Amino acid sequence: MEKNLRRPAALILTLALAMTLPVMGGSFAAEDGERLLTVLFTHDTHDHFYPDAADVGGYTRLATLLKREQNNSSGAVVTVDAGDFSMGSPFQTVYATDAPELRALGWMGYDVVTLGNHEYDYRPQGLADMLSAAKEAEEAWYDAAVISYTGAMDEYLKEYGVPCNLPAIVQANYKTPKDPNDPAAQTAARAMADYPVTDYTVLERSARWPSGHEVTVRIAVFGIMGIDSDECAPMSGMVLEDPIETAKRVVAEIQEKESPDYIICLSHSGTEKGKGEDYELAKAVDGIDVIVSGHTHSILEKPIQVNDTFIVSCGPYTQNLGKLVLSKGRGESKATLKYYALFPVDGSVAEDETMTFMAEHFKTKVDENHLSGYHMSYDQTLATMRGDLTKAQTGDLIGSSYIAAVKKLEVEDYAPVAFAVAPDGVIRGNVQAGNITASQAFDILSLGVGADGTPGYPLVSVYLTGKDLKNAFEVDASISDIMGAATLYGAGCWWKYNPHRMFLDRVTECAVWEDTNAPDAQYAAPIDDEKLYRVVADLYSGQMLSAVEGKSFGLLSITPRDENGNEVTDFESRILHDENGNEIKAWHAFASYLQSSGDVLSLGPASKFEEASWNPISLLFPMGAPTAVVLAVILLLVLAAVLIVRKLLRRRRRRGGFAPPYRGR
């Protein structure tokens, strides 16, 4: 009897769950006259073909999720990426020769992508080579597909891995070379035209209404590069056209010429909740239905709606796949949000067999064409860590590796490095517990290219005065609150700061570790404002030193110098080279340090210490110029207020304003 009672209850529960599944999965049936749009989106995937050290993400898993959602979603379905699909793993080492990232996105069914700042890391020539390599692979695939004799396809797969069907690339405000006479810039312009990279593209998707009527949904997609993105691409060679004015121009052109049902902006500008460049873009430009916001690596658990525009972000490194479903009724111009979700790309998602094959194909090329030159391989274990490291610990460890690399290079001629700096913005991950492989070490410092054109930023050596060195610590203590990439880690120096103190006056104490005559003994020496101190960093971080003055509203400045105190403007002249003339790459310095550490890695002293206090003495002393200026202004205002009050009182007394009131008898 009990079993019979359970069966109807179970049936009712099953039916109820079945009825909720379409909503849970974001699948909807369009009503007559309604145009449904499903947008599957990513951004900042950064070459993550495989899951990371924490077993999260990877194209191999993302491909499975995309296939599921592309096949099961209702209405018009488009798949897009908002830029920075490259630079973040050893796969970037074959970026210019094989275009693995763009080809992977194309194979996974991406319709349209835009270019982020990291697509320009290999400079105009690198971008041109990547686009050309991608087109070559696609054309070879088409040729192989029409050749009838046996073996043509086998030869293609041996050379190129998997079939190639490239996505469209849209970029409206960042494809004009700064120097049209530069040969590399000319090559990049031709490659963009040949691909082609266009301001926008229009996709057409068919959908069927319940009445049986088939309707065509037109979706226009355009691309925008942001202001901060441009600042993060100092070697791009491109002119940034105003993002908002460009968006207005492109939207107007689309509306005039294309009769779109929806307009999507792939913006590599960034946003946070209630602020950011894409937030301002949505406020300033009418007619955009969706902004897929890349660059700031934001994760928006729900869309930000600004006027009639929905801003979405799913986070970096293939951690999530974003899905947005919008609807427009007959004659409606405003889109209605029907569904939004971020699907985690984690261990619960099976790896796609073909994408895994593609990853293995490119991994072989990475080993053969790049890592073998450093006597390393992708899966080679370098060291073992007992526990996970924080970002700060990883950064300090990187600083120690830079100092070790310079000591190994210069031996008896070693000029002491006072500070080896690793800013947050160039550290792309943390050291995880367990075996650390060469590929994981590369992942952590994977950005950029050197003057030699090979992957990875090289180390540079410059000098800073003690005053500028203190300013660098102040950048970390103050500006990192508003620009996380400015957070500093490293080795050789330490500083203490109070986050409650006046902005740009938060560092309370700092010193440099100096070797004594006793082996391994160290002591902290006060920093002399006038003395020159040697600083080692990667090329990109060195180039960004000049941006400190602007980011600190002109209150701080850092001037890199040479050994003689002369200002350095050409940072490539300060690149460190080995005895064979090869650049000392930041990632290889780190990997070599890990490899030489043995089975268990030990950590050196921390670089900074937070001492939060509301004690008035701690807030005011030691008193720097910003605090002194603010106090002086406050005192002047108080004094002025006192003088004004006294003057008013005197005036009223003269007028008899304070005579005792008359009281009648």
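Numbers given for residues are sequential positions, taken from 1 along each chain in its written order. This being a predicted model, a pLDDT of at least 70 is required before a residue's local features are given, and a value of 80 or more before pairs of side-chain atoms are given or counted; all residues contribute to the totals for chains, interfaces and linings. Only hydrogens and water are set aside; all other atoms, that is, all heavy atoms of the structure, feed into the side-chain values.

Thoughts on the overall build of the chain
The cut-off we apply is this: Strands here are runs of E lasting at least two residues and helices are runs of H or I lasting at least four, both read from the DSSP assignment and numbered beginning at the N terminus. Relative accessibility thresholds used throughout: buried, under 20% of the residue-type maximum; exposed, over 50%; partly exposed, between the two (1.4 Å probe, protein chains only). Contact between two residues is taken to exist if any of their heavy atoms lie within 4.5 Å; hydrogens are not considered. Computed with a 1.4 Å probe, the accessible areas rest on the Shrake-Rupley method; for each residue, only the protein chains presented here act as cover.
Tallying secondary structure elements over the chain gives 19 helices and 25 strands in all. When each of the 665 residues of the chain is scored for burial, the buried share is 51%. In the chain, the share of contacts with a sequence separation of at least 24, taken over all contacts with a separation of at least 6, comes to 76%. Here the chain has roughly 30,500 Å² of accessible surface; of this, 53% comes from carbon and sulfur atoms.

What about a nonpolar patch on the surface?
Selection criterion: Only residues whose relative accessible area exceeds 30% and that form no salt bridge are eligible for patches; like-charged ones are grouped when within 9 Å, while nonpolar side chains (Val, Leu, Ile, Met, Phe, Trp, Tyr) are grouped when within 5 Å. By definition, a salt bridge exists where a carboxyl oxygen of Asp or Glu is found within 4 Å of a side-chain nitrogen of Lys or Arg.
A cluster of nonpolar residues, Ile-617, Phe-621 and Met-623, forms a patch on the protein surface that exposes about 300 Å² of accessible area. As for its position among the elements, Ile-617 is in helix 18 (residues 616-620).

Considering empty space enclosed by the protein
Applicable threshold: Cavity: a set of points on a 1 Å grid over the protein atoms alone where a 1.4 Å probe fits but cannot get out. Pocket: an open set with protein on both sides within 12 Å along at least five of seven lines, its lining residues, like those of a cavity, having an atom within 4 Å of a point. Grid points are joined across faces, edges and corners, and a volume is the space filled by probe spheres set on the points. Amino acid classes used here: Ala, Val, Leu, Ile, Met, Phe, Trp, Tyr, Cys and Pro are nonpolar; Asp, Glu, Lys and Arg are charged; the rest, including Gly, are polar.
Under the definition given, this model contains 2 cavities of 30 Å³ or more. For the lining of the largest cavity, the element with the highest residue contribution is helix 15 (residues 539-543), accounting for 3 residues. Its residues assigned to classes, the lining of the largest cavity comprises 9 nonpolar, 2 polar and 2 charged. The calculated volume of the second largest cavity comes to roughly 50 Å³. In this structure, the second largest cavity is lined by Tyr-402, Val-426, Leu-445, Ser-446, Leu-447, Tyr-457, Asp-538, Ala-586 and Trp-587.

With respect to the side chain of Thr-38
Position of Thr-38 relative to the elements: it lies in strand 1 (residues 35-42). When near neighbours in sequence (up to four residues on either side) are disregarded, Thr-38 contacts Ser-73, Ser-74, Ala-76, Val-77, Val-78, Lys-323, Leu-324 and Val-325.

Things to note about the nonpolar core
The condition is simple: For this analysis, a nonpolar core means a set of buried residues of the types Ala, Val, Leu, Ile, Met, Phe, Trp, Tyr and Cys, connected via side-chain atoms within 4.5 Å.
Leu-102 and Leu-131 are the most contacted members of the largest nonpolar core, which has 133 residues in total. Ranked by residue count, the leading element in this core is helix 5 (residues 123-146), at 7 residues. Among residues more than four places away in sequence, those in contact with Leu-131 are Leu-102, Ile-169, Ala-191, Met-192, Tyr-195 and Val-197. Residues Ala-76, Ala-172, Ile-264 and Val-290 belong to the second largest nonpolar core, which totals 46 residues.

Some details on the sheet that holds strand 12 (residues 304-306)
Filter applied, for reference: In short, DSSP must find at least two bridges between two strands for them to pair. To obtain an axis, a line is fitted to C-alpha atoms, over the contacting stretch when the element is a helix, and the angle between two such axes runs from 0 to 180 degrees between their N-to-C directions.
Taken together, the 6 strands give an open sheet; going across it, the order is 7-8-10-11-13-12, and neighbouring strands pair in mixed fashion. A single partner strand is all that each edge strand has here, and the edge strands are strand 7 (200-208) and strand 12. The sheet shows a mean angle of 25° between the axes of neighbouring strands, taken without regard to direction. Bridge count for strand 11 (residues 290-293) against strand 13 (residues 309-312) is 3 bridges, and the pairing is parallel. The residue of strand 13 that forms the bridge with Val-292 is Val-312.

Things to note about the packing of aromatic side chains
Where two aromatic rings form a pair, the distance of their centres and the angle of their planes describe that pair. Put simply, the rule reads: Here a Phe, Tyr or Trp ring, Trp counted by its six-membered ring, pairs with any other such ring whose centre lies within 6.5 Å, and the pair is stacked when the planes are under 30 degrees apart, edge-to-face when over 60, and tilted otherwise. Working rule: Lys NZ or Arg CZ, within 6 Å of ring centre, within 35 degrees of ring normal, means a charge sits over the ring.
Tallied over the entire structure, the rule returns 16 aromatic pairs. For the pair Phe-41 and Tyr-340, a centre-to-centre distance of 6.3 Å together with 20° between the ring planes defines the contact as stacked. Taken as a pair, Phe-41 in strand 1 and Tyr-340 in strand 15 (residues 336-344) lie far apart in primary sequence, 299 residues in all. On the basis of relative accessibility, which here comes to 14%, the residue Tyr-340 falls in the buried class. Taken together, a centroid distance of 5.6 Å and an interplanar angle of 80° make the contact between Phe-419 and Phe-473 edge-to-face. Of this pair, Phe-419 sits in strand 17 (residues 419-423) while Phe-473 sits in helix 14 (residues 466-478), and the two are 54 residues apart along the sequence. Given the relative accessible area of 2%, Phe-419 is considered buried. Linked through ring pairs, Phe-49, Tyr-50, Tyr-59, Phe-91, Phe-362 and Tyr-378 together constitute an aromatic cluster. The cationic tip of Lys-135 hangs over the ring face of Tyr-195; the distance from NZ or CZ to the ring centre is 5.7 Å.

Regarding the pattern of salt bridges
For the structure shown, the criterion picks out 30 salt bridges. Between Asp-261 and Arg-35 there is a salt bridge, with its nearest N and O atoms 3.2 Å apart. Taken as a pair, Asp-261 in the loop between helix 9 (243-257) and strand 10 (262-268) and Arg-35 in strand 1 lie far apart in primary sequence, 226 residues in all. Its relative accessible area of 23% is what places Arg-35 among the partly exposed residues. For Asp-424, the salt bridge identified is with Lys-391, shortest N-O distance 3.1 Å. Of this pair, Asp-424 sits in the loop between strand 17 and strand 18 (434-437) while Lys-391 sits in helix 12 (residues 391-410), placing them 33 residues apart in sequence. On the basis of relative accessible area, Asp-424 is assigned to the buried category, the value being 18%. The exposure class of Lys-391 is partly exposed, given its relative accessible area of 23%.

What to know about helix 10 (residues 277-284)
Spelled out, the test is: The directions from the helix axis to the C-beta atoms are what the arc is built from.
Regarding helix 10, the residues found buried are Asp-278, Leu-281 and Ala-282. All buried residues of helix 10 project into a common sector of 95° when viewed along the axis, lining one side. Those residues of helix 10 that are buried are in contact with helix 9, strand 10, strand 11, strand 12 and strand 13.

What about a positive patch on the surface?
Cut-off, in case you're wondering: Counting rule applied: Lys, Arg positive; Asp, Glu negative; His and chain ends not counted. Note that the charge is assigned to NZ on lysines, CZ on arginines, CG on aspartates and CD on glutamates.
Where like charges cluster on the molecular surface, the positive patch consists of Arg-646, Lys-647, Arg-650, Arg-651, Arg-653, Arg-654 and Arg-655. Residue classification places Arg-650 among the partly exposed residues on the basis of a relative accessible area of 43%.

What to know about the sheet that holds strand 3 (residues 112-114)
Strand order in the open sheet made by the 7 strands is 6-4-3-2-1-14-15, with mixed pairing throughout. Each edge of the sheet is formed by a strand with only one pairing partner; in this case those strands are strand 6 (197-198) and strand 15. Examined bridge by bridge, strand 2 (residues 76-81) and strand 3 share 2 bridges and lie parallel to one another. Bridging across to strand 3, Asp-81 finds its partner in Val-113.

Examining the environment of Thr-114
Note the following rule: A 3.5 Å cut-off defines polar contacts: any pair of N or O atoms within that distance qualifies, except that in protein one atom must be a possible hydrogen donor and the other a possible acceptor, and neighbouring residues in sequence count only when both atoms are side-chain atoms.
Tracing the backbone shows Thr-114 in strand 3. Residues Thr-114 and Leu-266 lie 152 residues apart in sequence; the distance between their C-alpha atoms is 6.3 Å. Here the side chain of Thr-114 touches Val-170 through a polar contact of 2.7 Å, landing on its backbone oxygen.

Shape is all these values report; function is a separate question.
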